[in-house]
Amino acid sequence: MNGRAGTTILRGVRPLGGAPRDVTVRGSRIAAVTAPRAGASDATAVDCAGLIMLPALVDLHTHLREPGDTPSETIASGTRAAAHGGYSDVLAMANCVPVTDSPERVRHIVERAARTASCRVHPVGAVTGGLAGRDLAPLDAMAAAGAVMFSDDGVCVDDPALLVRALEAARRTGTLVAQHAQCPRLVERGQVNSGAAARATGLPPWPATGEETIVARDVVLAGATGGRLHICHVSTAGTVEIVRWAKSRGWPVTAEVTPHHLLLTDLMTRDADPLHKVNPPLRGAQDVAALRAALRDGTIDAVATDHAPHTASSKDNHWCEAPFGMLGLETALPVVAEALGAGGEPDWDLVATVMSTRPARIAGLADVAGRPLRAGEPATFTLVDPRADWRVDRAESVSASDNTPFHGMTFRHRVVATVVEGRVTADIDHRLASATG
Ligand SMILES: NC(=O)N[C@@H](CC(=O)O)C(=O)O
Ligand SMILES: [Zn+2]
Ligand SMILES: [Zn+2]
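Fair warning: this is a prediction, and the values are worked out from it, not measured in the lab.

This paragraph deals with the overall build of the protein. Counting its secondary structure elements, the protein contains 14 helices and 20 strands. Over its C-alpha atoms the protein spans a radius of gyration of 21 Å, differing by no more than 12% from the 22 Å that the globule rule assigns to 437 residues. Referenced to the eigenvectors of the C-alpha coordinate spread, the extents of the protein come out at roughly 65 × 45 × 45 Å. Restricting to contacts in the protein with at least 6 residues of sequence separation, those with at least 24 account for 73%.

See below:
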């Protein structure tokens, strides 16, 4: 931060929602966490009374669209949205144009991010060349170039023999494979959740079995190979049961859920507004309840946004022609707090675990991200106003796109600032800037 002598004291913050503390930041590190008013007096003071301090968030699943679809997002705009949402680190999915399927492409993203990003960017390498599902991409070389995970996200790795080879490569390189679980034959042209939503809209159904059969197959392959498997955007109660079973066998499986699948149901898709079109589709209330319970009990390890920007012109279309996907980064924290807190305060320890500590560990970033909030650790944190009553306005999104399903909804919590290694990356209520004199 830019305080006098490089020292700033955040007065009255509540680390993990606990008792108020003064947190002193010196350079890139937390210098002290003390009882209020016991800290250094030569520092620039910032009044943070009542704000909750969390370790900055880590997103395992972000679509930054660069290279290829820069009208919808760029590394600059997407990471700005990440910083505004409280994130210090995002994993950038490989479904760009061209696809991130070679060490050169991985390095290109690392270099672009070094020049233009507002948060740390970790490339995801494709599992198969061009996401075509035919030939294994050079996973070992991509890992050496900086890929922290492999995924064909957007499409499923349908061929189990290819997935076995990818899991073996993940094991060799100490990385993991993230599967977009969607059986192409069972889902075909599926658009909305099977059942009432499909009946009400007349749109083709996207059945739970399309997800669950792939997850059931893949956890067995993870167990057999010892390669780490991560399940993207779990959306059904049945998938939760399968993941629970896989973990009970000791298989190397982790899973994520999106904020939108934790809060929204398929009731919202009945008006066939493409803003609610996402892959996998919004599901029923019983699925939502099972996803929340699984996040609480650890069956689902992490929240990941699946931030999927699309231009207004592509979304402003008939449902079937519009692309799947919705924004996530800027609204994730308030949405998760709402889903876990049921209108009150969520368990902030749990929020920090599922949005920061565990995703950092899954991605192999635990040395730099998701660190505890104590003296000596990097000053990498996010500040949350728990009384914001923030009404989401898509016109205020800093993403290059505005396809949020939360437009017009009011949330109790709001991220107000993000700091990464002492550098202010978002200062939404201008609190930190005003203190730097
Ligand atoms: N989630 C989506 O609906 N869309 C994602 C792809 C994906 O995550 O499957 C996208 O890239 O737009
Ligand atoms: Zn996906
Ligand atoms: Zn995705």
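By size, the foremost hydrophobic cluster in this structure holds 127 residues, and its most contacted members are Ala166 and Val336. When residues are assigned to domains, this core turns out to be shared by domain 1 (4–53 + 375–389 + 412–434) and domain 2 (55–362), each giving three or more. Judged by nonpolar contacts, the second largest core, of 6 residues, contains Val187, Ala197, Ala198 and Leu203.

Let us now look at the environment of Asp22. Note that Asp22 resides in strand β2 (residues 21–26). Overall, the presence of 21 C-beta atoms within 10 Å leaves Asp22 in the buried class. Put simply, Asp22 and Pro280 are 258 residues apart on the chain and 43 Å apart in space, counted from C-alpha to C-alpha.

What follows covers the UniProt feature "active site" (unreviewed entry) in the protein. The UniProt feature table records "active site" (unreviewed entry) at Asp306. Looking at the secondary structure, you find Asp306 in the loop between β15 (302–303) and α11 (312–315). Judged by the 30 C-beta atoms lying within 10 Å of it, Asp306 falls in the buried class. Ignoring anything within four residues of it in the chain, the contact list for Asp306 reads His61, His233, Thr258 and Gly328.

Lining the immediate surroundings of ligand 1 are His63, Asn95, Asp153, Gly154, His180, Val278, Asn279, Asp306, Ala308, Pro323, Phe324 and Gly325. Each residue belonging to the shell around ligand 1 can be placed in one class, and the counts come to 4 nonpolar, 6 polar and 2 charged.

This paragraph deals with helix α8 (residues 237–248). Spanning 12 residues, α8 covers 17 Å between terminal C-alpha atoms, matching the ideal 16 Å at 1.5 Å per step. Turning to α8, its buried residues are Thr239, Val240, Ile242, Val243 and Ala246. In an axial view of α8, the angular spread of the buried residues amounts to 165°, which keeps them on one side of the axis. Residue Gly250 follows α8 closely and has a positive phi angle near 80°.

What follows covers the sheet that holds strand β6 (residues 57–62). Reading across from one edge, β6-β7-β8-β9-β10-β13-β14-β15 is the order of the 8 strands in this open sheet, with parallel pairing throughout. Edge strands, defined here as strands with exactly one partner in the open sheet, are β6 and β15. Here strand β13 (residues 229–231) runs beside strand β14 (residues 253–257); their pairing, made up of 3 bridges, is parallel. Within β14, the position partnered with Leu229 by the bridge is Val253. Sheet contacts for α8: β13 and β14; angle to β14, the most-contacted strand, approximately 155°. Against the sheet, helix α13 (residues 348–362) makes contact with β6, β13, β14 and β15, and its axis sits at roughly 65° relative to β6, the strand it touches most.

Right, let's get into the pairing of strand β3 (residues 29–34). As paired strands, β2 and β3 are joined by 5 bridges and run antiparallel to one another. Bridge assignment links Asp22 to a residue of β3, and that residue is Thr34. Taken together, β2 and the strand that follows it, β3, pair antiparallel across an intervening segment of 2 residues, in which Gly27 is found at a positive phi of about 60°.

Now for the pairing of β6. Among the 6 residues that make up β6, 6 are buried, leaving the element largely enclosed by the rest of the structure. One ladder, built from 4 bridges, connects β6 with strand β7 (residues 87–92); its direction is parallel. Paired with Val58 across the strands is Asp89, a residue of β7. Handedness of the β-α-β unit built from β6, helix α1 (residues 75–84) and β7 comes out right-handed.

Glancing now at unusual backbone geometry. In this chain, Val97 is followed by Pro98 through a cis amide linkage whose omega measures 0°. Note that Pro98 resides in the loop between β7 and α2 (103–116). Cis geometry marks the peptide bond from Asn279 to Pro280, where omega comes out at -10°. Mapped onto the elements of the fold, Pro280 is located in the loop between α9 (259–263) and α10 (285–297). Phi at Glu188 is positive, roughly 45°, even though this residue is not glycine. Inspection of the secondary structure puts Glu188 in the loop between α5 (184–187) and β11 (192–193). Look at Asp389: it is not a glycine, yet its phi comes out positive at around 45°. Looking at where Asp389 falls in the secondary structure, it is placed in the loop between β16 (381–385) and β17 (390–391). Under the C-beta neighbour-count criterion, Asp389 is labelled exposed, with 10 such atoms within 10 Å.

With respect to the secondary-structure elements, Thr331 resides in the loop between α11 and α12 (332–341). The spacing of Thr331 and Pro405 is 74 residues in sequence and 9.9 Å in space, taken between C-alpha atoms. Setting aside residues no more than four positions away along its own chain, Thr331 makes contact with Pro259, Val392, Thr404 and Phe406.

Conventions and cut-offs
- The residue numbering used here restarts from 1 in each chain and proceeds along that chain's sequence as written.
- Following the order in which they are written, the chains are lettered starting with A and the ligands numbered starting with 1.
- Only residues with pLDDT of 70 or above have their local features reported here, since the model is predicted, and side-chain atom pairs are shown and tallied only from 80 upward, although totals for entire chains, interfaces and linings are computed over all residues.
- Numbering of helices and strands runs from the N terminus; a helix is a DSSP stretch of H or I covering at least four residues, while a strand is a stretch of E covering at least two.
- Just to be clear, the radius of gyration here is over C-alpha atoms, and the globule rule we use is 2.2 Å times residues to the power 0.38.
- For every residue pair, C-beta atoms are placed from the backbone, and the pair is scored as a contact if these atoms sit within 7 Å.
- To count as a nonpolar core, a set of buried Ala, Val, Leu, Ile, Met, Phe, Trp, Tyr and Cys residues must be joined through C-beta atoms within 7 Å.
- Working definition of burial: number of other C-beta atoms within 10 Å of the residue's own, with buried at 20 or more, exposed at 12 or fewer, and partly exposed in between, all C-beta atoms being placed from the backbone.
- The domain boundaries here were taken from an automatic or database domain assignment.
- UniProt positions are given in the numbering used here, feature names are shortened, and annotations may be inferred rather than shown by experiment.
- Think of it this way: take the backbone, place a C-beta atom on it, and check whether that atom is within 6 Å of the molecule or strand, in which case the residue is near it.
- Gly counts as polar in this scheme, as do all residues outside two lists: the nonpolar Ala, Val, Leu, Ile, Met, Phe, Trp, Tyr, Cys and Pro, and the charged Asp, Glu, Lys and Arg.
- Multiplying one less than the number of residues by 1.5 Å gives the expected span of a helix.
- Relevant arc is that of directions from the helix axis to the C-beta atoms, nothing else.
- Two strands pair under a simple rule: DSSP has to find at least two bridges between them.
- Only the contacting stretch of a helix is used when fitting its axis, a line to C-alpha atoms as for every element, and angles between N-to-C directions run 0 to 180 degrees.
- Call a crossover right-handed when, viewed with both strands pointing away from you, the route from the first strand across the helix to the second goes clockwise.

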